[in-house]
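Chain by chain, the residues:
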Amino acid sequence: MRYYDFRSDTVTRPTAEMREAMYRAEVGDDVYGEDPTVNKLENLAAQMLGKEAAIFVTSGTMGNLAAVLAVCGRGDEAIMGTQGHTMLHEAGGVSALGGVVIHTVPNLDDGTLDMEDLPKALRTPGDVHEPISRMLIIENTQNACGGIPISAEYTEKAAEFAHMNGLWLHVDGARIFNAATALGMSASSLVRSADSITFCLSKGLCAPVGSVLCGPKPFIHKARRLRKMLGGGMRQAGVLAAAGIVALESMVDRLAEDHQRAKALAEGLSSIPGVELIKHSPTTNMVFIRVASERKLSNEAFIAHLKSQGVLINDTAPCEFRLVTHHDIDDEAVAQCVQAMRTVLQQN
Ligand code: TLP
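About the criteria used
Residues numbered from 1 in each chain as written. Predicted model: local features only at pLDDT ≥ 70, side-chain atom pairs only at ≥ 80, totals over all residues. Heavy atoms only, no water. Pairing = 2+ DSSP bridges. Helix = DSSP H or I, 4+ residues; strand = E, 2+ residues; numbered from the N terminus. Axes fitted to C-alpha atoms, helices over the stretch in contact; angles between N-to-C directions. Contact = heavy atoms within 4.5 Å. Core = buried A, V, L, I, M, F, W, Y, C linked by side-chain atoms within 4.5 Å. Buried < 20%, exposed > 50% of the residue type's maximum accessible area, 1.4 Å probe, protein only. Near = heavy atom within 4 Å. Polar contact = N/O pair within 3.5 Å; in protein donor to acceptor, adjacent residues only side chain to side chain. Areas by Shrake-Rupley, 256 points an atom, 1.4 Å probe, with all protein chains shown as cover. Nonpolar A, V, L, I, M, F, W, Y, C, P; charged D, E, K, R; others polar.

Draft legend 1. Representation of the sheet that holds strand β3 (residues 76-81) in the model. Reading across from one edge, β2-β8-β7-β6-β5-β3-β4 is the order of the seven strands in this open sheet, with mixed pairing throughout. Every interior strand has two partners, whereas the edge strands, β2 (53-57) and β4 (101-105), have only one. In this sheet, adjacent strand axes meet at a mean angle of 20 degrees when their direction is disregarded. Relative to strand β5 (residues 132-139), β3 runs parallel, the two sharing four bridges. Across the sheet, E77 pairs through a bridge with S133, a residue of β5. Sheet strands in contact with helix α7 (residues 152-164) are β5 and β6 (168-172), and its direction is about 175 degrees off that of β5.

Draft legend 2. Examining the nonpolar core more closely. Membership of the largest hydrophobic core comes to 55 residues, with the highest contact counts inside it found for L136, F177 and F199. Filtering out sequence-adjacent residues up to four positions away, F177 remains in contact with M48, L49, A187, F199, L205, L248, V252 and L255. If you look at the next biggest cluster of nonpolar residues, it comprises 27 residues, including I289, F302, V311 and F321.

Draft legend 3. Spotlight on the site of the ligand. Taken together, 14 residues lie near the ligand, and S8, G60, T61, D172 and R175 sit nearest. Here D172 contributes a side-chain N or O atom positioned 2.7 Å from a nitrogen atom of the ligand. Taking K203, its side chain carries an N or O atom lying 2.9 Å from an oxygen atom of the ligand. Look at the ligand: alone it shows 520 Å² of surface, and the protein chains cover 81% of it. No other element matches the three residues that helix α3 (residues 60-71) contributes to the shell around the ligand. Considering only residue class, the shell around the ligand consists of one nonpolar, seven polar and six charged.

Written as structure tokens, this is what we have:
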């Protein structure tokens with residue numbers, strides 16, 4: 001049976017061009033800095049994000065963790081959203097491995113952190129009772145709030161606040177190219193005022209593995225030691241970086257197609273009685289829905305019924321679900337998904 005997989009854009013498989021590039025990749029030992037393909041990817045990424053340097057890491061999670069550990073010592077505090085991926089889905093790594101205190105601020109509906117809440121989250125410098133505020137993390141696109149693109153203006157305001165208060169601004173830009181596409185601007189101008197950014201090659205850009213952390217040279221130098229410490233020194237990683245180069249050179253422009261299909265999917269789904277679009281979606285490649293709860297269909301049963309119709313989705317809360325469009329989702333997949341959901345809800 002063929003499954004249409006809407007669970008995430010992480011499920012994308014490498015394209016034929018990527019597999020060819022991986023096969024032909026020139027490699028060396030990257031821990032010695034001698035893998036020409038990794039070096040090429042890092043230079044390209046730094047240039048595209050407008051930062052001084054970059055480091056290829058195994059995952060978005062490792063990129064964010066290395067960034068936090070490079071800036072915060074044990075007992076230091078990182079401010080982030082209650083709906084931030086670093087808070088919700090990174091296994092508490094910054095605290096478990098770095099002894100970093102997480103200070104959350106609620107995300108507003110539009111994915112941002114309220115500029116009025118941020119000053120209240122600051123600790124008093126010099127007060128021996130308190131941790132030291134060291135870092136602010138924002139996420140773009142903001143996944144859990146709806147895949148929302150966060151504007152350059154907001155990022156600049158957040159940076160101004162951070163820098164005035166001696167904080168480092170890190171952007172978890174796992175899907176920064178989706179944000180840039182939606183906002184019609186370059187990724188580099190979107191994150192110009194941020195100190196560092198992690199972005200993922202392995203989501204909508206279709207590379208099989210990997211993310212890149214970008215920032216100033218001394219910070220990336222620190223991150224290199226941390227990557228080694230975290231077990232991410234990958235030796236002949238050029239085989240993976242080769243796919244990453246294809247991702248950056250030829251997969252960015254097509255993200256607009258995913259956004260178009262998310263719109264078509266949202267339109268189709270919202271025409272089904274009992275299905276409601278939530279979280280302002282879609283603004284990029286994510287569609288969030290609420291399915292009328294009086295149906296008494298558990299999330300597990302709903303997901304299983306859809307699976308039996310060839311459609312895979314994830315839930316995010318009781319009666320709430322996320323569907324993500326990506327390279328492996330074509331128009332037929334969208335039509336099939338809408339049809340499957342209509343059938344499941346008619347029959348249950
Ligand atoms: N997100 C995954 C899940 O972990 C939720 C997904 O399917 O969306 N930052 C953001 C904003 C992310 O959405 C993700 C992955 C990451 C970081 C982590 O990236 P990886 O999976 O490469 O560690």
